Amino acid sequence: MGVIRSVVSGTGSYLPERILTNKELEKKVDTSDEWIVERTGIKQRHIASETEVTSDLAVKAAIKALESANLAATDIDLIVVATSTADQTFPSTATTVQFKLGNTNGAAFDVQAVCSGFVYALTVADNFIKAGQSKHALVIGAETFSRILDWEDRTTCVLFGDGAGAVVLSAHNGAGNNNDRGILASRIHSDGTYNDLLYVDGGVSSTGTIGFLRMKGKEVFRHAVVKLAGVIGEVLEDSNMTSENIDWIVPHQANKRILDGTARKLQIDPEKVIVTVDKHANTSAASIPLALDEAVRDGRITKGQVVILEAMGGGFTWGACLLRW
Ligand code: UT7
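All figures in this text were calculated on a predicted structure; none of them were measured in a lab.

A.B. asks: Would you take a moment to explain the overall build of the protein for this structure?
C.D. replies: When you go through the protein residue by residue, the secondary structure sums to 10 helices and 13 strands. For 325 residues, the compact-globule estimate of 2.2 N^0.38 gives 20 Å, and the C-alpha radius of gyration of the protein, at 18 Å, lies within 12% of that figure. Based on the C-alpha atoms only, the size of the protein along its principal axes is roughly 60 × 45 × 40 Å. Within the protein, buried positions represent 55% of all 325 residues. Contacts in the protein between residues far apart in sequence, at least 24 positions, make up 76% of those at least 6 positions apart. Accessible surface, the protein as shown: approximately 13700 Å² in total, 50% of it carbon and sulfur. Between the centroid of the 32 positive side chains of the protein and the centroid of its 39 negative side chains there is a distance of 3 Å.

So this is what it looks like as structure tokens:
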């Protein structure tokens, strides 16, 4: 039976110019390049300039994704931006992106699922496409986490960075089997029991301040590998595949040890895991589309391959998406 599939027709990304190295961080807090590299794999991160806001990063990534999809901004009928660092409390960053792209078609809104935001946004857009309500959707992960970091807290400030990545999802007809191109399965989960392990200690209706990111890293780590391996298993089962079918895993880039642990648990060759955490650090919702764009542009990910995207973050939220490129 014929079905509608959401196929990635373009990718793009943007990183702010300014690079902040571990060595520079040694001068700000009691840390060392050795500690950061050994515990996380991070060597550097990009930081937005004072005048750059999240929508600026998002628009730059979106323009590149549109170019690679060979589409104009006006072809887009849905914009979903995954972010936890919106330009303003309202309107949504997505409507600002829509305006900056010169588009007034369709709908634009934000999705907030912290580091899982991109998998959530992709799942939402996929459902719009499958329901016949969108033909070309722009799905963006964009963050300026540098603005919510406590630069005196060495347990968090060394871990995050700024950036944006985008994909264009386009409606294609598929045969309804797992040889189709496009998103074949996606699963998203949340469990608010763990709200207090990773959060920002401020907000509009609580403190009236922006607040700073706080994390009980060890406990988050403990949940991450188990939850990620579990949800990857679900999307494999949904698509009648096993880990042997996977060509590439594009994980949320939080910690190299989490990437290695998840690959080990699933018995996946570490060579199949796309790693950018060393250069970008954790860019929350932006990390998957940033890594994806890099691996597509350098020719690693090619048409017909099976790709899994997976993430876990504050809430907790977690999810995975299996697609044939
Ligand atoms: O993206 C959303 C999901 N987030 C994650 O997945 C993050 C998950 N967690 C992690 O990645 C790791 O738990 C961290 C990288 C955050 C921490 O690594 P860890 O191996 O769990 O270290 P730890 O928190 O147990 O800290 C070990 C020691 C502590 O000292 P004591 O108590 O043993 O004396 C920390 O105070 O390392 C100390 N420490 C540091 N030392 C130098 C913590 N941060 C630093 C630092 N530099 N930046």
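Following the structure, the description resumes.
A.B. asks: Please explain the domain arrangement of the protein as it appears in this structure.
C.D. replies: Interfaces are frequently sized by the accessible area removed from exposure as the parts join. If you check the domain split of the protein, you get domain 1 (3-174) and domain 2 (182-324). Domain 1 and domain 2 are separated by 14 Å when their C-alpha centres are compared. For domain 1, the biggest contributors to the area lost against domain 2 are Cys115, Val119 and Tyr120; these three give 16% of the whole. On inspection of domain 1 and its partner domain 2, the count reaches two salt bridges. Across the pair Arg214 and Asp150 runs a salt bridge whose closest N-O atoms are separated by 3.0 Å.

A.B. asks: Whenever I open this one, the pairing of strand S7 (residues 162-174) confuses me. Can you help?
C.D. replies: Regular strands place side chains that alternate from one sheet face to the opposite one. Burial analysis of S7 places 10 of its 13 residues in the buried class, which makes it a mostly covered element. Sheet analysis places strand S1 (residues 3-14) next to S7, joined by 11 bridges and oriented antiparallel. Each bridged residue has a counterpart across the sheet, and for Gly10 the counterpart in S7 is Val168. Sheet topology note: the strand S6 (residues 136-144)/S7 ladder contains nine bridges and is antiparallel. Looking at S7, one finds that Gly141 is bridged to Gly165.

A.B. asks: Hey, could you run me through the environment of Lys218 in this one?
C.D. replies: Tracing the backbone through its elements, the reader meets Lys218 in helix H7 (residues 217-238). Judged by its relative accessible area of 72%, Lys218 falls in the exposed class. When the C-alpha positions of Lys218 and Leu197 are compared, they lie 9.4 Å apart, and in sequence the two are 21 residues distant.

A.B. asks: Where do I start with the sheet that holds strand S12 (residues 306-313) in this structure?
C.D. replies: Whether parallel or antiparallel, the strands of a sheet pair through hydrogen bonds between backbone atoms. Reading across the sheet, the four strands line up as S8-S13-S12-S11 and stay open at both edges, with mixed pairing between neighbours. Each edge of the sheet is formed by a strand with only one pairing partner; in this case those strands are strand S8 (182-190) and strand S11 (248-251). Strand-to-strand twist in this sheet, taken as the mean axis angle between neighbours without regard to direction, amounts to 15°. As paired elements, S11 and S12 share four bridges and run parallel to each other. Paired with Trp248 across the strands is Val307, a residue of S12. Packing against the sheet, helix H5 (residues 117-130) makes contact with S8, S12 and strand S13 (317-324), and its axis sits at approximately 125° to S8.

A.B. asks: For this particular structure, what's the right way to read the sheet that holds strand S5 (residues 107-111)?
C.D. replies: Here five strands make up an open sheet; going across it, the order is S1-S7-S6-S4-S5 and the pairing mixed. Because the sheet does not close on itself, it has two edges, and the strands there are S1 and S5. With strand direction ignored, the average angle separating the axes of adjacent strands in the sheet is 20°. Packing against the sheet, helix H10 (residues 287-297) makes contact with S1, S6 and S7, and its axis sits at approximately 90° to S1.

Cut-offs applied
- Residues numbered from 1 in each chain as written.
- Predicted model: local features only at pLDDT ≥ 70, side-chain atom pairs only at ≥ 80, totals over all residues.
- Heavy atoms only, no water.
- Helix = DSSP H or I, 4+ residues; strand = E, 2+ residues; numbered from the N terminus.
- Rg over C-alpha atoms; globule rule 2.2 N^0.38 Å.
- Buried < 20%, exposed > 50% of the residue type's maximum accessible area, 1.4 Å probe, protein only.
- Contact = heavy atoms within 4.5 Å.
- Areas by Shrake-Rupley, 256 points an atom, 1.4 Å probe, with all protein chains shown as cover.
- Lys, Arg positive; Asp, Glu negative; His and termini not counted.
- Charge placed at Lys NZ, Arg CZ, Asp CG, Glu CD.
- Domains from an automatic or database assignment.
- Buried area = accessible area lost by both parts, 1.4 Å probe.
- Salt bridge = Lys/Arg side-chain N within 4 Å of Asp/Glu carboxyl O.
- Pairing = 2+ DSSP bridges.
- Axes fitted to C-alpha atoms, helices over the stretch in contact; angles between N-to-C directions.

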